[in-house]
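Chains, contacts and geometry: an overview
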Amino acid sequence: MTVFLIVMTIILVILLLLLLIPLTYKLLLRKYFKYFVNRKLYALSKEEDYLLVNELILDLSDDVCLHIDHILCGDKFIYIVSDRYLFDAVEGSPEDDTFFLHKGKKRIECKNSLKLNRRRAYLLSKYLNWHEGDPRIVVPITVTNDKVKIDPNLKSMNGEEYIVHLKDLVKTIKQIEYDVSINVGAFDGKHLESLVAHIKELDKQHKNTKEK
């Protein structure tokens, strides 16, 4: 009888762990998703000698203020990366003002973060003296959790912007940077360093203004 109880206890503990570990991981991933994204980008920046700046607030003019999760400056492009934990599934169109999230049996309408990130990329490009018809210099990427099901309509963006799972983030950026058919938008080292220094200064100015 004692042996039976011990065996049953061990089985119950194992079953409990099998249930709790995935749930705990999911909760931690949701709470610290920004940290997981930053860790991926930091590793890439070290590997490729790119420049990474996180949690930026840029006052581009009196009426234009950009909140940016991550900026990664590669050899060819600047990447504006927005991190969004999107639960179970996301559906909609890149052009819609809103899209729908599926959380269990719930269907929740929210702002289209792809469109918001595209707007950030456009405004930053204009600030950096980009003009309509010029080769693009800023690429918007929205990164989400690996388990979320992404509507195919949201992936049909002709390579101008991206929504990717976390596991594909680094691979996507490398594909863009290593694509030999893309030879526009490249920065020389001094220009890139100057650009990042300026972006950091804008962020510093905003924070100093808020502290006063």
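Summarised in this report is the structure supplied together with it. These figures come from a predicted structure and were not determined experimentally.

A closer look at the sheet that holds strand S2 (residues 64–73)
- Taken together, the 5 strands give an open sheet; going across it, the order is S1-S2-S3-S7-S9, and neighbouring strands pair in mixed fashion. For this open sheet the edge positions go to strand S1 (51–61) and strand S9 (162–165), each flanked by a neighbour on one side alone. For this sheet the average axis-to-axis angle between neighbouring strands, irrespective of direction, equals 40 degrees.
- Across 6 bridges, the pairing between strand S3 (residues 78–83) and strand S7 (residues 138–144) is parallel. What sits directly across from Ser82, in S7, is Thr142.

What to know about the pattern of salt bridges
- Scanning all chains against the criterion turns up 10 salt bridges.
- Asp83 is the partner of Lys34 in a salt bridge, and the nearest nitrogen-oxygen pair spans 3.0 Å. Linking Lys34 in helix H2 (residues 33–48) with Asp83 in strand S3, this pair joins segments that are 49 residues apart in sequence.
- The class of Lys34 is partly exposed, set by a relative accessible area of 32%.
- Across the pair Asp168 and Lys167 runs a salt bridge, and its minimum N-O distance is 3.3 Å.
- Via salt bridges that share partners, Lys34, Glu55, Asp69 and Asp83 belong to a single interconnected network.

A closer look at helix H3 (residues 113–127)
- With 15 residues, H3 extends 21 Å between its outermost C-alpha atoms, agreeing within 8% with the 21 Å of an ideal straight helix rising 1.5 Å per residue.
- What H3 keeps buried is the set Ser113, Leu114, Asn117, Ala121, Leu123, Leu124 and Ser125.
- Where H3 begins, the capping side chain belongs to Asn112, and its oxygen is found 3.0 Å from the backbone nitrogen of Leu114.
- The positive-phi residue at the C-terminal boundary of H3 is Asn129, with phi of around 70 degrees.

Re the environment of Lys34
- Residues Lys34 and Glu55, 21 residues apart in the sequence, show an inter-C-alpha distance of 9.8 Å.
- Look past the residues within four positions of Lys34 in its chain and what remains in contact with it is Glu55, Asp69, His70 and Asp83.
- One polar contact links Lys34 to Asp83, side chain to side chain, over a distance of 3.0 Å.

What to know about the sheet that holds strand S8 (residues 149–150)
- A sheet is described by the order of its strands in space; here 4 strands give the open sequence S6-S5-S4-S8, paired in mixed fashion. At either margin of the open sheet sits one strand with a lone partner, and together these are strand S6 (106–111) and S8.
- Sheet analysis places strand S4 (residues 89–91) next to S8, joined by 2 bridges and oriented parallel. If you follow Val90 over to S8, its bridge partner there is Ile150.

Considerations on the environment of Pro94
- You can see Pro94 is positioned in the loop between S4 and strand S5 (98–103).
- For the pair Pro94 and Lys115, spaced 21 residues apart in sequence, the C-alpha separation works out to 6.4 Å.

Structural notes on the packing of H2 against helix H5 (residues 169–178)
- Direction vectors running N to C along H2 and H5 enclose 35 degrees, while the axes themselves pass 10 Å from each other. When you trace H2 past H5, the crossing you get is right-handed. Mapping the contact onto sequence places Val37, Lys40, Leu41, Leu44, Glu47 and Glu48 in H2 and Leu169, Val170, Ile173, Lys174 and Tyr178 in H5.

The rules behind each value
- Residue indices begin from 1 for each chain and proceed along its sequence in written order.
- Per-residue local features are limited, in this predicted model, to residues with pLDDT of at least 70; the limit for side-chain atom pairs, both in listing and counting, is 80 or more; totals at the level of whole chains, interfaces and linings are taken over all residues.
- To obtain the side-chain values, all non-hydrogen atoms of the structure were included, while hydrogens and water were left out.
- Strands were regarded as paired on the criterion that DSSP finds at least two bridges between them.
- Starting at the N terminus, helices and strands are each numbered in turn, a helix being any DSSP run of H or I of at least four residues and a strand any DSSP run of E of at least two.
- Note on definitions: angles span 0 to 180 degrees between N-to-C directions of axes, and those axes are lines fitted to C-alpha atoms, for helices only across the stretch in contact.
- One speaks of a salt bridge when a side-chain nitrogen belonging to Lys or Arg is within 4 Å of a carboxyl oxygen belonging to Asp or Glu.
- Note on exposure labels: buried denotes an accessible area under 20% of the residue type's maximum, exposed denotes more than 50%, and partly exposed covers the range between, all computed with a 1.4 Å probe on protein chains only.
- A helix is expected to reach a length of 1.5 Å times the quantity of its residues less one.
- Distance and chemistry together define a polar contact, namely a pair of N or O atoms within 3.5 Å, with one atom able to donate a hydrogen and the other to accept it when in protein, and with adjacent residues in sequence counting only for side-chain atoms on both sides.
- In this description, contact between two residues means that some pair of their heavy atoms is separated by no more than 4.5 Å.
- A crossing counts as left-handed when the near helix is turned anticlockwise from the far one by less than a right angle, and as right-handed when that turn is clockwise.

Keep in mind these numbers describe shape, not what the thing actually does.
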